[in-house]
Amino acid sequence: MRTVNRVATLLLAVALLAGGILVAVEASLAALGRPGLLLPGGHAALTGTRWQDAPARIVAAAVTLIGLVVLAAQLRRWHPTRLRLDGADGWHLHRRSVERRLTRAVRSVPSVRRARVRIRRRGDAWRPRVTATGDPAARSDVEFAVHRELDRLAAPTRGRVEVRLVPARRAA
């Protein structure tokens, strides 16, 4: 998603730059009393537009809103696509493949029906968050399965694994 944000930011920056240059050239020509280059009625529009006019406020509000949306998209915290391994020279694991493997490991526990694993990152450290449907007494088995799979993946120092086991609902 970062690529989409960067492309959107680039397009917005180019549009704002082109619009700003056009307005600056037209304003300069209007100040000199000459007709505009691109806008045929540019002189009258530039000298007769006031802040109280609705089109001026609508354009300013639209540009501000677009800028705030792009800013919010850039500041939003994204899931990492790659997880760095400790002590490895440039080696990394893809987050989704780690989540899939850990999900399969949790599903291999006999009393677990459904499972979902998400990787959370804080700085360079990352830890799995497991949400599963099954017997709550199987919590230690789920943690063991996750730690065993993390060992197979040569994951960085193991921290706490967040496990949330929800009992299966029985049909009435």
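Every value quoted in this text rests on a predicted model; they were computed, and no experiment measured them. Each chain has its residues counted from 1, following the order in which its sequence is written. Restriction of local features to residues with pLDDT of at least 70 applies here, the model being predicted, together with a cutoff of 80 or more for giving and counting side-chain atom pairs; totals for whole chains, interfaces and linings are based on all residues. As a rule here, side-chain values come from all non-hydrogen atoms in the structure, and water together with hydrogens is ignored.

The subject of this paragraph is the overall build of the chain. Helix and strand assignments come from DSSP, with helices taken as H or I runs of at least 4 residues and strands as E runs of at least 2, each series counted from the N terminus. Each helix and strand counted, the chain has five helices and five strands in total. Any residue under 20% of the maximum accessible area for its type is buried, any over 50% is exposed, and the rest in between are partly exposed; the area is computed with a 1.4 Å probe on protein chains only. Counting every position in the chain, which comprises 172 residues, the buried fraction comes to 25%. Summarising the internal contacts of the chain: among those between residues at least 6 apart in sequence, 49% fall at separations of at least 24. Residues count as neighbours in contact if any of their non-hydrogen atoms are within 4.5 Å of one another.

Moving on, we get to the environment of Asn-5. With respect to the helices and strands, the residue Asn-5 is situated in helix α1 (residues 2-31). Along the chain, Asn-5 and Ala-73 lie 68 residues apart, while their C-alpha atoms are 6.8 Å from each other.

Looking now at the packing of helix α4 (residues 95-107) against helix α5 (residues 139-152). Note on method: axes are straight lines fitted to C-alpha atoms, helices fitted across the in-contact stretch only, with angles between N-to-C directions ranging 0 to 180 degrees. Contact geometry for α4 and α5: axes closest at 9 Å, N-to-C directions at 140 degrees. The orientation of α4 with respect to α5, classified from their angle, is oblique. Crossing geometry of α4 relative to α5 is assigned as right-handed. Facing α4, whose interface residues are Arg-101, Leu-102, Ala-105 and Val-106, α5 presents Val-142, Ala-145, Val-146, Glu-149, Leu-150 and Arg-152. In the contact of α4 with α5, the residues fall into seven nonpolar, no polar and three charged. By the definition adopted for this analysis, an angle is roughly parallel if under 35 degrees, roughly antiparallel if over 145, roughly perpendicular if from 65 to 115, and oblique otherwise. When the near helix sits turned anticlockwise from the far one by under a right angle, the crossing is termed left-handed; a clockwise turn instead gives a right-handed crossing. Three classes are used, and their members are as follows: Ala, Val, Leu, Ile, Met, Phe, Trp, Tyr, Cys and Pro are nonpolar, Asp, Glu, Lys and Arg are charged, and the others, Gly among them, are polar.

Opposite charge on two side chains permits them to pair, given that their charged atoms come into close proximity. What counts as a salt bridge is simple: a side-chain nitrogen of Lys or Arg found within 4 Å of a carboxyl oxygen of Asp or Glu. Evaluated as defined, the whole model comprises eight salt bridges. Between Glu-162 and Arg-127 there is a salt bridge, with its nearest N and O atoms 2.9 Å apart. Within this pair, whereas Glu-162 is found in strand β5 (residues 162-166), its partner Arg-127 is found in strand β4 (residues 125-134), the two being separated by 35 residues in sequence. Overall, the relative accessible area of 30% leaves Arg-127 in the partly exposed class. Bridged by salt links that share partners, the residues Arg-95, Glu-99 and Arg-118 form one connected network.

In this section: the nonpolar core. One recurring pattern in soluble globular proteins: nonpolar side chains tend to sit buried together. Ranked by internal contacts, the top residues of the largest apolar core, which has 23 residues, are Val-98, Val-106, Val-112, Val-130, Val-142 and Val-146. Elements that contribute at least two residues to this core include exactly α4, β3 (112-122), β4, α5 and β5. Those residues in contact with Val-142, other than ones at most four positions away along the chain, are Val-106, Val-109, Val-112, Val-130, Val-163 and Leu-165. Residues grouped as a nonpolar core are buried Ala, Val, Leu, Ile, Met, Phe, Trp, Tyr and Cys residues, joined through side-chain atoms within 4.5 Å.

Attention shifts here to the UniProt feature "transmembrane region" (unreviewed entry) in the chain. Cross-referencing UniProt, the feature "transmembrane region" (unreviewed entry) maps to residues 54-75 in the present numbering. Annotated as residues 54-75, this span is 100% helix and 0% strand, and its ends, taken at the C-alpha atoms, are 31 Å apart. UniProt positions are given in the numbering used here, feature names are shortened, and annotations may be inferred rather than shown by experiment.

Below, the discussion takes up the confidence of the model for the chain. What pLDDT reports is the predictor's confidence in each residue, on a scale of 0 through 100. Residues at a pLDDT of 70 or more form 85% of the chain, whose mean pLDDT is 81. Within the chain, α4 carries the highest mean pLDDT (91), whereas helix α2 (residues 42-48) carries the lowest (66).

Here we come to a nonpolar patch on the surface. By definition, no residue in a patch forms a salt bridge, and every one has over 30% relative accessible area; like charges are joined within 9 Å, nonpolar side chains (Val, Leu, Ile, Met, Phe, Trp, Tyr) within 5 Å. Surface exposure here means Shrake-Rupley accessible area, sampled with a 1.4 Å probe, where a residue is shielded only by the protein chains that are shown. A surface patch of nonpolar side chains, amounting to about 520 Å² of accessible area, comprises Leu-17, Ile-21, Val-25, Leu-37 and Leu-38. Assignment of secondary structure puts Leu-37 in the loop between α1 and α2. Accessibility expressed as a relative area gives 65% for Leu-37, which makes it exposed.

As used throughout, the charge tally considers Lys and Arg to be positive and Asp and Glu to be negative, leaving His and the chain termini uncounted. Working definition for charges: the position is that of NZ of Lys, CZ of Arg, CG of Asp or CD of Glu. Residues Arg-2, Arg-6, Arg-77 and Arg-121 make up a contiguous surface patch of positive charge. Under the relative-accessibility criterion, Arg-77 is labelled exposed at 52%.

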